[in-house]
Amino acid sequence: MKRLVETRLRKRTKSRKLSSTDIMIIPVLRTTFTPAPLGRLLASLLVIGLALQGCATTGTSEQTAAPTPEAVVEPTKVADRSFETDTLYALLVAEMAIDRKRYDIALSNYVQQSISTRDPDVTARATQIARILQAHQPALEMSELWVDLEPKNSDALLIATAELIEANRLEEAFKLSSRVLTLGGTGAFDAIALKASEGDIQASQTLSASYQQLLEQHPENQQLLLGYSVLLQQADRKEEALAIVNRVLEQDPANIRAAFQETSILQQMGKQDLALQKLGKLVADNPDNYTLRARYARVISASDLNESRRQFQTLHNQSPNDTEVLFSLALVEKELGHLESSATHFRSLVEKGFYLSSANYHLGEIHEKNNKNEAALTHYTQVKEGRSYLAAMSRATAILGNSGRELEALNLIRGQREQVQGSYREGLYMLESDVMTTAGQIKAAGHVLSDGLKEFPDSTRLLYSRAMLYTRIDYITGAEQDLKLILTLAPDNAAALNALGYTLADRTERLDEAYIYISKAFKLTPDDPAVIDSMGWIEFRRGNYNESLKHLRQAMTAMPDHEIAAHLGEVLWVTGGEAEARKIWQQGLKLTP
């Protein structure tokens, strides 16, 4: 660990040397950043600082101001220890750096001196600074050193546990929490289990055995019981998980964490109504518990948007500056159709500088629903790289294309492609191709996709899009080549298997080969209406009319679609069902006039 920290320190300090300004002595140290146990260390630093102050002013034209009376420290308050002058000087510089908000220098100095002195107070201070800065790696290294120096210090053990959880080193975190439990503390067993539940099931099972073993020694420990319940739930042992958490609730009916865990298990068991009933009562019994209400608002949004809105509104009233709650409230109101109030909330988020891209995207959708396309376009074009980016660009180009402004749409896409990287560029190639296809420029659209494939030669999305274009211009050889290249890159790509099989079934006489591809796609995605339709069509082409009708009827029920209607009607007509065929074709015409 020491080598790791020293290497990091060298990298940190190499780029910047301390200037005289950084180390200038000031008379009074601020202590708001200082934990109580470090008072004696700071007293030592202050005394040496005053001594250094006298040295620092020698031979200069400007004198540092004399110390104020508050800075004088009685010698009896100095800790009974000795540090090298260089160490004291480095620590004093660190405290000055904190005062000047140069926390990088403070952390660097404290980490370095923690390693060289192995002093518990210095190491505790280094840990504290790293934690405040959320510098997790130094915080982990310093807290582990602190535990080495003071193995029975509960603060050191708990902080090291927290950092091990952050680093996903959960077995080690469990061992430290066990030591805290031995010392009479509470540990962090529920937090460890929650982190484990987000990861690999096998690792959780190993950890679960450790919980079970420790529970034999501490059968009533609520944190252990809660953690064990979480791990059992992840392992799909729902009944056992519920029984364990009920043991906690028997001990402490008011344990909110346990009550919430109970509702989570009930939801997983399919008892949604009971879970929401219990969660609602929990919120009613604890009206000031902000976190609990926020969880309830999110959970209930899946089944009762009006109740979710009411809860988010309450949260917003309690904390008007909570932008996460405001964003959730805006989303729920949009979903309920309260577009005016939703837009007001999204505009507020934009003004505050939060959720800028998402808020602009939703404002664009709201304006588009209100037929204010120019306002929608303004918001869509303000969406930056992120999850809503390509959707926003798609909507913006659709607005331009639908109003006959295809050239503006193309210029927008090409301009954006100069500004973005990676998969966003790939998506913009596809979007440009779509604009050209809609404008009837099929060959030009194909050229765009070919340009994209020069930049992204292994892009299955670009290859698939080009294959579909090739089928439209009857270039079946090119389509087949692209689809087979996709299957070389991703053998289980069901969309490519289905497209290749259907193309061969519809445009060639290679029916046996087509059947192999479609059958594999059907095995991979048996509920996909497009694949079911393909299976119906290949059976028709092979002369298996009964099997064909079965699949085509199933596809039409699952996804009423004009192409499926065309296929089903044709098979019905061939098999003597002309009247039903006409009805099906009429249905297809209504779907796509």
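Residues numbered from 1 in each chain as written. Predicted model: local features only at pLDDT ≥ 70, side-chain atom pairs only at ≥ 80, totals over all residues. Heavy atoms only, no water.

Student: Can you help me understand helix α11 (residues 222–234) in this one?
Tutor: Helical periodicity: at 3.6 residues per turn, an α-helix aligns residues three or four positions apart in one direction. In a regular helix each residue adds 1.5 Å, so 13 residues correspond to 18 Å; α11 covers 19 Å between its end C-alpha atoms and thus fits that length. α11 sits mainly inside the fold: 10 of its 13 residues count as buried. Buried residues of α11: Leu224, Leu225, Leu226, Gly227, Tyr228, Ser229, Val230, Leu231, Leu232 and Gln233, and no others. The inward-facing, buried residues of α11 abut α8 (170–182), α9 (189–196), α10 (201–217), α12 (238–251) and α13 (256–268). Backbone nitrogen of Gln223 and a side-chain oxygen of the N-cap are separated by 3.2 Å at the start of α11; the cap is Asn221. Downstream of α11 by a residue or two, Asp236 has a phi angle that is positive, lying close to 65 degrees. (Helix = DSSP H or I, 4+ residues; strand = E, 2+ residues; numbered from the N terminus. Expected span 1.5 Å × (residues − 1). Buried < 20%, exposed > 50% of the residue type's maximum accessible area, 1.4 Å probe, protein only. Contact = heavy atoms within 4.5 Å. Polar contact = N/O pair within 3.5 Å; in protein donor to acceptor, adjacent residues only side chain to side chain.)

Student: I'm lost on the packing of helix α17 (residues 323–336) against helix α18 (residues 339–352) in this one. Help?
Tutor: Each pair of packed helices can be described by the angle between their axes along with the distance between the axes. For the pair α17 and α18, interaxial distance at closest approach is 8 Å and the crossing angle is 150 degrees. Put simply, α17 runs roughly antiparallel to α18. As α17 runs across α18, the sense of the crossing is left-handed. Together, Thr323, Leu326, Phe327, Leu329, Ala330, Leu331, Glu333 and Lys334 of α17 and Leu339, Ser341, Ser342, His345, Phe346, Ser348, Leu349 and Lys352 of α18 make up the contact between the two elements. Its residues assigned to classes, the contact of α17 with α18 comprises eight nonpolar, five polar and three charged. (Axes fitted to C-alpha atoms, helices over the stretch in contact; angles between N-to-C directions. Parallel < 35°, antiparallel > 145°, perpendicular 65-115°, else oblique. Left-handed = near helix turned anticlockwise from the far one by under 90°. Nonpolar A, V, L, I, M, F, W, Y, C, P; charged D, E, K, R; others polar.)

Student: Looking at this structure, how should I read the pattern of salt bridges?
Tutor: Oppositely charged side chains can pair when the atoms bearing their charge come close. The full count for this structure, using the stated rule, is 33 salt bridges. The residue Glu95 makes a salt bridge to Arg125 at a minimum N-O spacing of 2.8 Å. Here Arg125 lies in helix α5 (residues 120–132) and Glu95 lies in helix α3 (residues 85–99), a separation of 30 residues in the sequence. Relative accessible area serves as the criterion here: at 3%, Glu95 is assigned to the buried category. Residues Arg510 and Glu480 are paired through a salt bridge, measuring 2.7 Å at the closest nitrogen-oxygen approach. Here Arg510 is found in the loop between α27 (494–507) and α28 (511–524), whereas its partner Glu480 is found in helix α26 (residues 476–489), with 30 residues between them in sequence. If you follow the salt bridges from partner to partner, you end up with Glu480, Lys484, Arg510 and Glu513 in one network. (Salt bridge = Lys/Arg side-chain N within 4 Å of Asp/Glu carboxyl O.)

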